[in-house]
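Understanding the architecture of this molecule
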Amino acid sequence: MASKLRQKKAALNAVEPMPPGTMIVAQFKSADGETTGPPLNLPGDVTPEQLELLLNQLLNQSDDPLPYSFHVGEDEIIKSLWADRKDKSTEDAITIVYQPQAVFRVRAVTRCTSTLSGHTEAILSCSFSPDGSKLATGSGDATVRIWDLNTETPQHTLKGHSGWVLSISWSPDGKTLASGSMDNTVRLWDPKTGKAIGDALKGHTKWITSMAWEPFHLNSKANRLATSSKDQTVRIWDTTLRRVAMTISGHSAAVTCVKWGGEGLIYTASQDKTIKVWNSSGALVKTLQGHGHWVNTLALSTDFVLRTGPFDHTGKRYKTEEEAKEAALARYKAFKGNRPERLVSGSDDFTMFFWEPETSKKPITRMTGHQKLVNHVSFSPDGRYIASASFDTSVKLWDGATGKFIGNLRGHVGSVYQVCWSSDSRMLLSGSKDSTLKIWDIKKLKIKLDLPGHLDEVFAVDWSPGGDKVASGGKDKQLKVWRH
């Protein structure tokens with residue numbers, strides 16, 4: 001009986017051979033919906049490589065061809081048009097949607113090149129600077145440390161806080177590091193010298209939960225910082241004058257997460273079950289409702305472009321601030337195209353919502369499937385995927401344009417705390433309570449590498465914007481740097 005079932009299954013999965021000489025009329029379309037070239041009469045078994053060749057010719061870029069991926073409806077074309085299309089009819093003209101892929105390829109990190117001790121309590125956050133040249137970690141020992149990545153040694157220890165450092169954030173020009181702590185204060189540091197810039201920024205009455213800088217293309221001085229706190233408020237600081245520019249209050253419970261979007265909107269998530277959208281002068285624009293419990297985490301489709309500002313994979317440096325600002329704006333515009341900024345929120349109600357806050361206060365879709373609370377969500381750098389990490393030990397992958405479920409990444413045996421994408425959007429990194437890091441291959445939806453080594457829970461992971469290094473830290477107080 002079992003063998004019969006197996007045969008049946010194999011027959012279902014086998015692709016029926018294509019009748020020789022089958023032709024299909026196809027029209028190329030970009031992801032934004034613009035048609036490219038005339039309808040073409042293609043052989044039915046055309047491969048993605050051939051389509052790529054054709055498309056690069058139609059776009060007049062055969063000298064310097066770019067890589068693309070192709071979809072017909074929901075099906076991605078991986079082997080050939082005939083094999084991957086579920087609907088085999090050749091009567092109607094089909095539309096082939098193409099999307100550019102990263103020109104560069106990030107190699108998976110495979111080994112731990114150094115284990116750096118120094119912190120005397122758990123590492124709660126780690127973050128690479130926007131250009132990937134420096135690495136900072138915040139810890140439960142009330143210090144922030146900056147590490148030299150060339151020699152992989154400790155560079156500066158930033159002392160001043162009297163409570164756990166819960167979050168750290170680099171300014172988009174990479175010249176200032178902010179840290180928010182359990183002691184209710186925010187401190188600013190000069191990462192070059194390791195010295196504090198003035199005294200602590202006082203104002204919040206409870207601990208700091210999250211921080212976000214104004215995007216570089218909106219403010220190239222990089223001197224406005226938003227901080228959210230357990231005290232139900234968000235404060236916008238002018239970091240040059242070192243004082244509060246404004247206080248945003250409106251939430252009726254702790255604010256858990258703040259994001260500053262590319263159009264100048266500030267998004268705040270709270271334990272009052274709502275997400276509020278403010279403009280940069282502090283006025284409430286919208287309240288996004290729908291969650292049935294605390295909202296823990298927010299992700300913007302523009303996060304990666306905003307994080308890296310004027311710095312891209314080529315490592316180019318700009319002579320003047322104006323030039324850098326123009327570069328950042330050009331990168332942002334090229335990334336955004338004609339789509340509004342998208343927002344995803346993850347909550348203690350086990351669900352996520354997908355929003356386009358610029359256009360509507362109604363969610364586009366509700367993303368369900370996790371069996372426990374959603375701890376962290378993140379958009380891929382190209383905005384095509386969303387990854388979510390949950391206490392149910394799974395990482396789930398969703399479509400970044402529609403919010404549709406794509407697949408599960410299973411392998412962790414403990415809660416997953418944080419996820420982070422490689423800058424070419426081809427791989428995902430996750431850190432877990434089970435003390436391992438895992439790297440996932442997005443195309444195959446399978447694990448690519450298992451990185452054991454930590455002695456306890458991994459709380460914080462980050463992948464450098466250039467893609468060459470990964471940093472991880474957690475309960476064992478050690479920072480690990482991983483390379484290829």
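This write-up is about the structure you can find in this document. Not measured: the values here are computed from a predicted model. (Residues numbered from 1 in each chain as written. Predicted model: local features only at pLDDT ≥ 70, side-chain atom pairs only at ≥ 80, totals over all residues. Heavy atoms only, no water.)

Quick notes on the packing of aromatic side chains
Under the defined criterion, the tally for this structure stands at eight aromatic pairs. For the ring pair Tyr-385 and Trp-421, a centre distance of 6.1 Å and an interplane angle of 10° mean the geometry is stacked. Of the two residues, Tyr-385 sits in strand β28 (residues 385-390) while Trp-421 sits in strand β31 (residues 416-421), which places them 36 residues apart along the sequence. In this structure, Tyr-385 and Trp-421 share a single accessibility class: buried. Connected via pairs of aromatic rings, a cluster forms that spans Phe-28, Tyr-68, Phe-70 and Tyr-98. (Phe/Tyr/Trp six-rings, centres within 6.5 Å; stacked < 30°, edge-to-face > 60°. Helix = DSSP H or I, 4+ residues; strand = E, 2+ residues; numbered from the N terminus. Buried < 20%, exposed > 50% of the residue type's maximum accessible area, 1.4 Å probe, protein only.)

A look at the side chain of Ser-394
By the element assignment, Ser-394 lies in the loop between β28 and β29 (395-399). Judged by its relative accessible area of 0%, Ser-394 is buried. Polar side-chain contacts of Ser-394 include one of 2.9 Å to the side chain of Asp-392. Once residues lying within four places of it in the same chain are set aside, the contact partners of Ser-394 are His-370, Ser-388, Ala-389, Asn-408, Leu-409, Arg-410 and Val-416. (Polar contact = N/O pair within 3.5 Å; in protein donor to acceptor, adjacent residues only side chain to side chain. Contact = heavy atoms within 4.5 Å.)

Points about the nonpolar core
Core analysis: the biggest nonpolar cluster contains 16 residues, and Phe-28, Leu-42, Leu-51, Phe-70, Leu-81, Ile-94 and Ile-96 have the highest contact counts within it. Listing elements by their share of this core, those giving two or more residues are β1 (23-30), β2 (35-43), α2 (48-58), β3 (68-72) and β5 (94-100). Not counting residues within four places of it along the chain, the set of residues in contact with Leu-81 comprises Ile-24, Gly-44, Asp-45, Val-46, Val-72 and Ile-94. (Core = buried A, V, L, I, M, F, W, Y, C linked by side-chain atoms within 4.5 Å.)

Examining the sheet that holds strand β8 (residues 134-139)
Sheets are built from strands that pair by backbone hydrogen bonding, the pairs being arranged parallel or antiparallel. Strand order across the open sheet formed by four strands is β7-β8-β9-β10, with antiparallel pairing between neighbours. A strand with exactly one partner marks an edge of an open sheet, and here the two such strands are β7 (123-128) and β10 (153-158). Shown here is a sheet whose adjacent strand axes are inclined to one another by a mean of 25°, direction ignored. Pairing geometry for strand β9 (residues 144-148) and β10, over five bridges, is antiparallel. Among the inter-strand pairings, Arg-145 is bridged to a residue of β10, identified as Thr-157. (Pairing = 2+ DSSP bridges. Axes fitted to C-alpha atoms, helices over the stretch in contact; angles between N-to-C directions.)

Section: helix α5 (residues 321-336)
Counted at 1.5 Å a residue, the expected span for α5 with its 16 residues is 22 Å, and the 22 Å between its end C-alpha atoms agrees. For α5, the full list of buried residues reads Ala-324, Ala-327, Ala-328, Tyr-332 and Lys-336. Seen along its axis, α5 keeps its buried residues to an arc of 155°; they face one direction. Projecting away from the buried face of α5 at angles above 90 degrees are the exposed residues Glu-322, Glu-326, Lys-333 and Ala-334. Packing partners of the buried residues in α5 comprise α4 (303-308). In the segment just after α5, Gly-337 is the residue with positive phi, at about 60°. (Expected span 1.5 Å × (residues − 1). Arc of directions from axis to C-beta.)

Considerations on the pattern of salt bridges
One pass over the structure, following the stated rule, counts 16 salt bridges. The closest approach of N and O atoms between Asp-131 and Arg-317, which form a salt bridge, is 3.1 Å. Separated by 186 residues along the polypeptide, Asp-131 in the loop between β7 and β8 and Arg-317 in the loop between α4 and α5 bring together distant segments of the chain. According to the relative accessible area criterion, Asp-131 is partly exposed, its value standing at 29%. Between Asp-441 and Lys-444 there is a salt bridge, with its nearest N and O atoms 3.9 Å apart. One network of salt bridges, in which partners are shared, links Arg-187, Asp-199 and Lys-202. (Salt bridge = Lys/Arg side-chain N within 4 Å of Asp/Glu carboxyl O.)

Things to note about a nonpolar patch on the surface
Among the surface-exposed residues, Trp-164, Met-182 and Trp-207 lie close enough to one another that they form a single nonpolar patch of about 290 Å² accessible area. By the secondary structure assignment, Trp-164 is in the loop between β10 and β11 (165-170). Assessed through its relative accessible area of 46%, Trp-164 is described here as partly exposed. (Patch = residues over 30% accessible without salt bridge, like charges linked within 9 Å, V, L, I, M, F, W, Y side chains within 5 Å. Areas by Shrake-Rupley, 256 points an atom, 1.4 Å probe, with all protein chains shown as cover.)

Description of unusual backbone geometry
With a phi close to 75°, Gln-232 is a non-glycine residue in the positive phi region. By the element assignment, Gln-232 lies in the loop between β16 (224-229) and β17 (233-238). With phi around 75°, Lys-273 is a residue other than glycine that occupies positive phi space. One can find Lys-273 in the loop between β20 (266-270) and β21 (275-278).

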